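# A look at the structure
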Amino acid sequence: MTTAVGLRAGALVFVAALLQVVVVSSTFVFGGTPDLLLLVVVCVGLLRGSIAGAVLGFAGGLVVDFLALDTLGITSLVLTLAGFWAGRYGETTGRGRTGAPVLAVGVITVLAAVFGLVLHYMLGEPVVAHQALVTALIPALVLNVLLAYPLFWLVRKIVGERLALEPTAEVEFVV
Amino acid sequence: MPRQRSARSAALGVTVRRIPTTPLSQRSAGALRRRLVVGGLVVLALVLITLSFRANEGGSLSGVQSAGATVLRPFAVATDRIAQPFRDAYDWTESLFHARSDAARLRRENSKLRQIAIQNQFAIQENRTFKRLLHYVEGKSFPRDYTGVAAAVTGRPSGAFAQAIVIDAGSGRGIRVNDAVVSSDGSLVGLVTRLTSGWARVQLLTDQEAAVSAVDVRTRATGIVRHAHGTRETLVLDRVRKQDVIHEGDSIVTAGWRTNGLSSVYPKGIPIGEVTSVGQSDTDFFQQVQVDPYVDFGALDAVLVLVPKTRTVSP
């Protein structure tokens, strides 16, 4: 990733983190809120690879934790893994697939909610699985999936797509 | 994508796309770098979580968080200013769908409140007389013994794990952890749980950890207001004994208890919400009372932090 692309991607994630804390988290649509930062990190991971996804996920999460006066590192950890996983998917089996953004966003939204729940439980905070995995997650999942394509298109316009791709580490059966 | 070389697999009878050969050292170096970066970031995040979780209020990490929040604050304020017209437009459009039903409800409420206000005037006069006759001494009460520090809501944590808001006032304006927070119309919002010099995090009543001792204004039935599991903004009045009388439409306020030198962090008499349903079963020890909060927690844009006029210093 060149310096210019890195700066553009960093600025994009920073703006997404600001918007997430200041605007999106308090805008309820159908009883839920989309996770704009998660979406942007997943899109950056898909387009620019696992290292970019992980680093920018960590940085974006840290901005959210600072602004929300949350326990430092929690959002960073979740978004680091989300960006890394999206990046690996984009580098391997998801490469060139039309449905990759929707599939990655859908799966990572659910996994991030489950991982967040486990993390908060391990830290001794009272968490209600039904609230986190049903009441809040279902509308968030629908909204995230609806926003996946428009945001993927926008992020690709801003940060572009990685040109030098590593070979696909897979075996494809063509019947 | 150009298809790679293909070969017929004898065992499976299908065509297999082979992985193009690349130098092993190049691939393993890339994989190693990837693992080092993600591993390093995960370890760093875990260290931050551990330090942050174990840090005391006013500790070194609290200072780092305070400094970080202060640096990011102008960006958050600028984002808020830019987003405000769009948010107003969204709220205005959304309000159009409920305008007619809201107007009818408010007319009914207005007529009911007018009657209650007249009755209250008489009750206040009687109360003053009785207190004077009995030389009654009472604890701190809201709003007489508190100063309201006005603050704008600047953010919320993302995700469903914490119901909280961040406000743009902190210890620099006399706020301390455990100060009660009310909305602009005086209804209970929550409690200050974290603090920097310029910011404070307020735990909302809808958080899983929040619990407030409360009382039914009409019947004096007491209980604990908590968040109703599986809902976004509904509260329950828990621990209400079966013999206590409680009706739909009753107002619930903070109890503000005081015993053996200990006292509730919430001053007494702060409105919380209205009872929307009461139920009980033969097997339960307590009644099931659902409370609709007066505050719309999703639409908070400004709050008042109740700072005691005379703050008691803990030993």
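Residues numbered from 1 in each chain as written. Chains lettered and ligands numbered in written order. Predicted model: local features only at pLDDT ≥ 70, side-chain atom pairs only at ≥ 80, totals over all residues. Heavy atoms only, no water.

## Re the sheet that holds strand β9 (residues 222-227) of chain B
Two modes of strand pairing occur in sheets, parallel and antiparallel, and in both the strands are linked by backbone hydrogen bonds. All names here are of chain B. Here is the rule we go by: Strand pairing is defined by DSSP finding a minimum of two bridges between the two strands. The helix and strand labels rest on DSSP assignments: H or I over at least four residues marks a helix, E over at least two residues marks a strand, and numbering proceeds from the N terminus. Orientation is described by axes fitted as lines to C-alpha atoms, over the contacting stretch for helices, and by angles from 0 to 180 degrees between their N-to-C directions.
If you walk around this closed barrel you meet the six strands as β8-β9-β10-β15-β14-β11, and the pairing is antiparallel. Within this sheet the neighbouring strands show an average axis-to-axis angle of 40°, counted without direction. Note: strand β14 (residues 271-279) against strand β15 (residues 286-293), six bridges, orientation antiparallel. Following the sheet pairing, E274 is matched in β15 by D292.

## With respect to the interface of chain B and chain A
This is how the line gets drawn: Working rule for contacts: check all heavy atoms of both residues, and any pair within 4.5 Å makes them a contact. As a working definition, buried area equals the accessible area (1.4 Å probe) given up by two parts on being put together, with both sides summed. Salt-bridge detection follows one rule: a side-chain nitrogen of Lys or Arg within 4 Å of a carboxyl oxygen of Asp or Glu. Polar contacts here mean pairs of N or O atoms no more than 3.5 Å apart (in protein, one a potential hydrogen donor and the other a potential acceptor; neighbouring residues in sequence count only if both atoms are side-chain atoms). Classes in brief: Ala, Val, Leu, Ile, Met, Phe, Trp, Tyr, Cys and Pro nonpolar; Asp, Glu, Lys and Arg charged; the others, Gly included, polar.
With 57 residues of chain B at the contact, the number on the chain A side is 60 residues. Interface area for chain B against chain A, summed over the two sides, is near 5,400 Å², with a carbon-plus-sulfur share of 71%. In this assembly, chain B and chain A are joined by one salt bridge. Note that B:R201 and A:D70 form a salt bridge whose closest N and O atoms lie 3.7 Å from each other. Taken together, the links from chain B to chain A amount to 10 residue pairs in polar contact (both at pLDDT 80 or more). Elements supplying a minimum of two residues to the side of chain B that touches chain A: β2 (15-17), α1 (24-54), α2 (60-134), β3 (146-155) and β7 (200-204) of chain B. Broken down by class, the residue content of the side of chain B that touches chain A amounts to 30 nonpolar, 16 polar and 11 charged.

## A look at the packing of helix α1 (residues 3-22) of chain A against helix α7 (residues 137-159) of chain A
Packed helices, taken two at a time, are described by the angle between their axes plus the distance between the axes. Residues and elements named next belong to chain A. α7 packs onto α1 with a crossing angle of 145° between their chain directions and a minimal axis gap of 9 Å. Contact residues: α1 offers V5, R8, A9 and L12, while α7 offers V155, I158 and V159. The residue makeup of the contact of α1 with α7, split by class, is six nonpolar, no polar and one charged.

## Considering the pattern of salt bridges
For clarity, the cut-off: Any residue under 20% of the maximum accessible area for its type is buried, any over 50% is exposed, and the rest in between are partly exposed; the area is computed with a 1.4 Å probe on protein chains only.
Taken as a whole, this structure holds nine salt bridges over all chains when the rule is applied. Across the pair A:E161 and A:R156 runs a salt bridge, and its minimum N-O distance is 3.8 Å. On the basis of relative accessibility, which here comes to 37%, the residue A:R156 falls in the partly exposed class. Between B:R87 and B:D80 there is a salt bridge; the shortest N-O distance is 2.4 Å.

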